[in-house]
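What follows is each chain in one-letter form.
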Amino acid sequence: MAASSCRGVRSILWKYGSCGKNLCVSRSKTIPQLPVRQICVSSSLWKKNLAAAGPQKFTQEFIDKQVEEFEVGKRHLANMMGEDPETFTQEDIDRSIAYLFPSGLFEKRARPVMKHPEEIFPKQTAIQWDAVGRPFHFLFYTGKQSYYSLLHDVYEKILAIERHQDKMRSKGLFTSDTKQIVLTGSRWLLKEEMEEYLVENVSDQDFMRFVQLMEKLLSMPYCSLEEEFILKFRKQLEVQSSKHEIPALQYDPQGVAFSVAEGRRKTAKATITLRDSGSGNFTINGRNYLHYFPLLQDREQLMFPLHFVGMLSRFDLEGSVEGSGHSAQAGALRLAISRALLSFVSEGEVEKMRQAGLLTADPRIKERKKPGQEGARKKFTWKKR
Amino acid sequence: MNLHKLSSRLCPTVTQKFRHLHIQSSGQQLESVAVETASAEPNPLSVFRTSEQDPAYHSERQSGQYYTFPPAHIQKLFPHGLPPRFQLQIKTFNEGCVMVRPPALELISYLKRADYSKPPLRYVLYGDTGTGKTLSLCHALHYCYTQGWLIVHIPDAHLWVKNCKELLPSSSRPSRFDQPIQASHWLKNFKITNEHFLSKIKTTQRYVWTKRESTEMGQPLGELVDQGVNRMKSSSDVVGAVLRELRLQAGGITEGEGAFKLAVAVDGVNALWGKTSLKKEDRTLCEPEELTLIHNLRKMMKNNWSGGAILTALSQTGSLFTPRSAYLPNELLGEEGFDHMEPFVPVSVSNYDEKEFESCYLYYLDRNWLQHPHSRSEEGKKELIFLSNKNPSILERLCAFL
């Protein structure tokens, strides 16, 4: 009783300033017996209004303290693992944590993690105004100060380039074929990435406006002066096809080239040996493929990679497959054939095959049945009453 | 018909030219249907067609080429004998063309060289599903027909061991079962095929069907057959009687009018020794031995007569309780059947080889059956080879919707 009333009082005091806290504590200690008249408060006052508070604000000191703790913790961890604290990288940290705290959780994000506070705590804007209440930035009252200041900067640069252009014209040195910025293999930042960069919300129209402004900047002949600035907003695309492992081309005692590859689809596992003998024989699990796949659709699946590359009657196939049903087995074989073909085919063809979807493993598997439902999606009969 | 054949043997060249013209005129009617390739040719011979229409003269030179069944022959010889898909193809293309292939040629050469005073040789055509056993059998039968033999053709023995609606206990023997519908249907077709023989052969024994009906000795076979067709109840026994008569008289008289050679052709012969799916009244499965038709056929298969040949083909497609991958004789015939049929001459039938596939492809192109423009290219042909693995029936089904 006393404790609850104390808590209620304490919460009110805390809301209006933290001055009376000490008094409250001392009062409860000295006169425990006297019944304190409970000030009538509703429970909504001492429950925190979580929605109105917004995301949790971390002060700069708090973040700095976390960084210090992280560094110290890193050195401790290195000592524990018997490694050199100076050359202890993030990968080493991850490995050590996975070793010390093995977790069986399926969700990777729920497992224990030790990372630099920059990555854990979301970036927040510092207080934008001084002690008087006057904002620092001149565009504060637009509401999106970093976005508009960025636009402002870009326009400044456009004007600067135009002045440079006029200067060159006046000197008579104006040429259109100046060094152009190489833009292939990169893309503009996405909206989410912009938001992360500016640490404030960006709407779709704002983002489009920004991209248009950058395009305008790029259209000018002397834009190479601002190359560094522009490249800050471009992201490199990695070349996908370099990721595929090409199985090695092995040679028979007779000198016939062959390659071995595997493929999987939905619990079906297939292994294929592709021989460059020049006939079109296909044996699957010891039987002719016409017997193994009486359905035309399955045989068409097998035909697709070879037909795409145009080498239908060139190869001899020997395959084994197990598990799942006929359609999944055909899909697994198809993937295995495409992978085996990689070693017989040129680079450009590899890229084409990847774009045709021949090298992508189909990730679809049987969906889990949920409790309270008949199957994965089917619900029990709905009864109105 | 006989005169025509006789004259062809006496003066082959003249009548071949006659046949050439005949084919040319009919070919031109057909070519008005086909647009591009065939009409431009001055000679009716394309690479895949042969002008030799008489199976007696087929040899390796014509291997891989198509020859046409004369329409009159189709109606007479094969009222029920051709596989249903082939009958559809005849209707679509307006002609019945069959490819001359090594298994059939082998069979015909054996038939030509066999000694008919000895017991008949048994030939078994075996091979994978859809490789052309039934059509090779029909080709050989056509040869027999053109040579003037008497044909006993059971198109599919499997039809007699399954899906029978009426199974009557036999009138003559207590432990047997009759199949009146199948028997009378077969007798009707037999009559159509062997019209001209029916008046010449006479019965050697008196057959009593019921208290009031009997067939006396010395009656023409035609009467016996009519008896079976009209009186359904005793038709199975009539079949048995007919077969017996033919067996007795086949090679017996070697000169005179009654001489004939007997060709017994059974497709799906493994049905005779397999299981049936018919049930007796007490819900137990019937043995094949208990069916009159099967029993009589088995007797026919024995080589205790002379003056003919027994041509058979195995078939997994219609057979009951056999695994799909079985195609060898000992797998399909079973122990009993194998012992019964032994010794036999096995003839293996396999998928098309390159030349035959080429020929089939050109035939379909000529008949405008391959409508898709891509199928005319080299690429399309490779795809067809891959998808069908040069299996005739699968190729046919594939091309059906191209």
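Residues numbered from 1 in each chain as written. Chains lettered and ligands numbered in written order. Predicted model: local features only at pLDDT ≥ 70, side-chain atom pairs only at ≥ 80, totals over all residues. Heavy atoms only, no water.

- The name given to chain B in an unreviewed UniProt entry is Small ribosomal subunit protein mS29, and the organism recorded there is Cirrhinus molitorella.
- The UniProt entry for chain B carries the following text under Subcellular location (unreviewed entry): "Mitochondrion". (UniProt positions renumbered as here; feature names shortened; annotations may be inferred.)

- Per an unreviewed UniProt entry, chain A goes by the name Small ribosomal subunit protein uS9m and belongs to Cirrhinus molitorella.
- A UniProt comment under Subcellular location (unreviewed entry) is attached to chain A, and it reads "Mitochondrion".
- Heading Sequence similarities (unreviewed entry) of the UniProt record for chain A holds this comment: "Belongs to the universal ribosomal protein uS9 family."

1. Focus on the nonpolar core
At step 1: Within the largest apolar cluster, 55 residues are counted, with the highest numbers of intra-cluster contacts made by L150(B), V152(B), W186(B), F190(B), L246(B), L262(B) and M301(B).
At step 2: A total of 6 residues in this core trace back to one element, the largest contributor, which is helix α10 (residues 235–249) of chain B.
At step 3: Those residues in contact with L262(B) that sit more than four places away from it in its chain are W149(B), L150(B), V152(B), L246(B), R247(B), A250(B), M300(B), W305(B), G307(B), G308(B) and A309(B).
At step 4: Counting residues in hydrophobic clusters, the runner-up holds 54 residues, among them A270(A), L302(A), M303(A) and L395(B). (Core = buried A, V, L, I, M, F, W, Y, C linked by side-chain atoms within 4.5 Å. Buried < 20%, exposed > 50% of the residue type's maximum accessible area, 1.4 Å probe, protein only. Helix = DSSP H or I, 4+ residues; strand = E, 2+ residues; numbered from the N terminus. Contact = heavy atoms within 4.5 Å.)

2. Describing the pairing of strand β5 (residues 268–275) of chain A
All names here are of chain A.
At step 1: Of all 8 residues that make up β5, 6 are buried, and the element is covered over most of its length.
At step 2: Strand direction decides the pairing type here: strand β4 (residues 257–265) and β5, joined by 8 bridges, are antiparallel. If you follow R265 over to β5, its bridge partner there is A268.
At step 3: Between β4 and β5, which pair antiparallel one after the other, the connecting turn spans 2 residues, and K266 there sits at a positive phi close to 60 degrees.
At step 4: In this structure, β5 lies alongside strand β8 (residues 316–322), joined through 7 bridges in antiparallel fashion. Bridged to I272 within β8 is G319. (Pairing = 2+ DSSP bridges.)

3. Some words on the side chain of N189(B)
At step 1: Relative to the helices and strands, N189(B) resides in helix α7 (residues 180–193).
At step 2: Here N189(B) is in contact with P79(B) and H80(B), once residues within four sequence places are set aside.

4. Focus on helix α8 (residues 145–171) of chain A
Residues and elements named next belong to chain A.
At step 1: The terminal C-alpha atoms of α8 lie 39 Å apart, and with 27 residues this matches the ideal 39 Å at 1.5 Å per residue to within 8%.
At step 2: Among the residues of α8, those classed as buried are Q145, S146, Y147, S149, L150, L151, V154, I158, I161, Q165 and M168.
At step 3: Contacts made by the buried residues of α8 are with α9 (191–198), α10 (204–219) and α11 (227–231).
At step 4: Downstream of α8 by one or two residues, G172 has phi in the positive range, about 90 degrees. (Expected span 1.5 Å × (residues − 1).)

5. Focus on the packing of helix α14 (residues 378–388) of chain B against helix α15 (residues 392–400) of chain B
All names here are of chain B.
At step 1: With their axes 9 Å apart at the nearest point, α14 and α15 run at an angle of 130 degrees to one another. The pairing of α14 with α15 is recorded here as oblique in orientation. In the crossing of α14 with α15, the sense of the turn from one axis to the other is right-handed. Along the contact surface, α14 presents L384, L387 and S388, while α15 presents I394, L395, L398 and C399.
At step 2: Considered class by class, the residues forming the contact of α14 with α15 number 6 nonpolar, 1 polar and no charged. (Axes fitted to C-alpha atoms, helices over the stretch in contact; angles between N-to-C directions. Parallel < 35°, antiparallel > 145°, perpendicular 65-115°, else oblique. Left-handed = near helix turned anticlockwise from the far one by under 90°. Nonpolar A, V, L, I, M, F, W, Y, C, P; charged D, E, K, R; others polar.)

6. Structural notes on the pattern of salt bridges
All names here are of chain A.
At step 1: Within this structure, the stated rule accounts for 32 salt bridges over all chains.
At step 2: Across the pair E86 and R75 runs a salt bridge, and its minimum N-O distance is 3.0 Å. Here E86 is found in the loop between α5 (60–81) and α6 (90–100), whereas its partner R75 is found in helix α5, with 11 residues between them in sequence.
At step 3: Relative accessible area serves as the criterion here: at 40%, R75 is assigned to the partly exposed category.
At step 4: For D94, the salt bridge identified is with K115, shortest N-O distance 3.7 Å. One end of the pair, D94, is in helix α6; the other, K115, is in the loop between α6 and α7 (117–120), with 21 residues separating them in the sequence.
At step 5: Note on D94: relative accessible area 31%, which makes it partly exposed.
At step 6: A residue is classified by how much of its surface remains accessible, and K115, at 26% relative accessible area, is partly exposed.
At step 7: Linked by salt bridges that have partners in common, E83, D92 and R95 make up one network. (Salt bridge = Lys/Arg side-chain N within 4 Å of Asp/Glu carboxyl O.)

7. A closer look at the sheet that holds β8(A)
All names here are of chain A.
At step 1: Pairing is mixed in the open sheet, where 6 strands are placed in the order β3-β4-β5-β8-β6-β7. On the outer flanks of this sheet lie β3 (250–251) and β7 (287–288), each paired with one strand and no other.
At step 2: The pairing of strand β6 (residues 282–284) with β7 spans 2 bridges and is classified as antiparallel. Residue T283 lies in a different strand from β7, and its bridge partner there is N288.
At step 3: Taken strand by strand, helix α14 (residues 326–341) contacts β4, β5, β6 and β8, and its axis lies near 140 degrees from that of β4.

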